[in-house]
Amino acid sequence: MKPLIFTLLGKDKPGLIDSLAQKVFNLGGNWLSSSFAHMAGNFTGFVQIDLPQDKHQELIDALTQHPDLKINLITGEEDKSQLTQSANIEIMGNDKPGIVQELTSVLHQFNINIVKFESSCGSAPNWGSSLFKAQAVINAPADFDMSQLQTSLEQISDDLVVDFDLN
């Protein structure tokens, strides 16, 4: 089995995931992980599956002709990362243009790998402004001092709250 990853985007409607899952199953594949979202009237997501190598082209042909979704596929690789320390980070504060760029720039300065990043903006009760929320999972070398990273992230803004949970 060789991992395949595909991204998808299209107008949302019932049955989209089922059509993909049926095709993967019928070809002998195993659905490993996925993440989906509804954004601005569209359905978007990504999926990782294991599929026998001799079935890759058949799946690629079937999915690239899906009537309702634009799908891109790539072959995955084994994760051979030497990064051994991970942390979950929760970030919350007033929204402002560039906040994601500022956060990711700090992570990049420390050569931190972002494994997962989810963000949203919503109404901030009693504040009258938008509240930015993000959750990230990061990987770093085993000897990296996470307190340096936390201090740098908190310096982005006076109202930014950063919580770390080391794994």
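Going by the structure above, here's the rest.
On a predicted model such as this, the values are computed, not experimentally measured, just so you know.

J.: I would appreciate a short explanation of the packing of helix α3 (residues 99-109) against helix α4 (residues 146-154) in the present structure.
T.: Relative orientation and spacing of two packed helices are given, respectively, by the angle between their axes and the distance between those axes. Interaxial distance between α3 and α4 falls to 10 Å at its minimum, and their mutual angle equals 150 degrees. When the interaxial angle is binned, α3 and α4 end up roughly antiparallel. Crossing geometry of α3 relative to α4 is assigned as right-handed. Contacts between α3 and α4 involve L103, V106 and L107 from the first element and L149, S152 and L153 from the second.

J.: For this particular structure, what's the right way to read the nonpolar core?
T.: When a protein is soluble and globular, its nonpolar side chains tend to lie buried together. One finds I89, I91, L103, I138, L149 and L153 to be the most contacted residues of the largest nonpolar core, which totals 20 residues. Per-element accounting of this core gives the leading share, five residues, to strand β7 (residues 130-140). In contact with I89, other than residues within four places in its own chain, are A134, Q135, A136, I138, L149, L153, V162, D163 and F164. Formed by 16 residues, the second largest nonpolar core is a distinct cluster that contains L8, L20, V24 and L73.

J.: Help me understand the environment of N113, please; the structure alone is not making it clear to me.
T.: Along the polypeptide, N113 turns up in strand β6 (residues 113-123). Accessibility expressed as a relative area gives 38% for N113, which makes it partly exposed. Separated by 92 residues in sequence, N113 and A21 have C-alpha atoms that sit 30 Å apart.

Rules behind the numbers
- Residue positions are counted from 1 within each chain, in the order its sequence is given.
- pLDDT decides what is reported in this predicted model: residues at 70 or higher carry local features, side-chain atom pairs at 80 or more are listed and counted, and totals for whole chains, interfaces and linings draw on all residues regardless.
- The side-chain numbers reported here are obtained from all heavy atoms of the structure, hydrogens and water having been left aside.
- An axis is simply a line fitted to the C-alpha atoms; with a helix, the fit covers only the stretch in contact. Between two such axes, the angle follows the N-to-C directions and lies from 0 to 180 degrees.
- Helical segments are the DSSP runs of H or I of at least four residues, strand segments are the runs of E of at least two, and each set is numbered from the N terminus.
- Angular relationships are summarised with four words: roughly parallel below 35 degrees, roughly antiparallel beyond 145, roughly perpendicular across 65 to 115, and oblique for the angles in between.
- Should the near helix be turned anticlockwise from the far one by less than a right angle, the crossing is left-handed, and should it be turned clockwise, the crossing is right-handed.
- Whether two residues touch is decided by their heavy atoms; if any such pair falls within 4.5 Å, the residues are in contact.
- For our purposes a nonpolar core is just a set of buried Ala, Val, Leu, Ile, Met, Phe, Trp, Tyr and Cys residues, chained together by side-chain atoms within 4.5 Å.
- Burial classes follow relative accessibility: with a 1.4 Å probe on protein chains only, a residue under 20% of its type's maximum area counts as buried, one over 50% as exposed, and anything between as partly exposed.

Function cannot be inferred from these measures alone, as they are strictly geometric.
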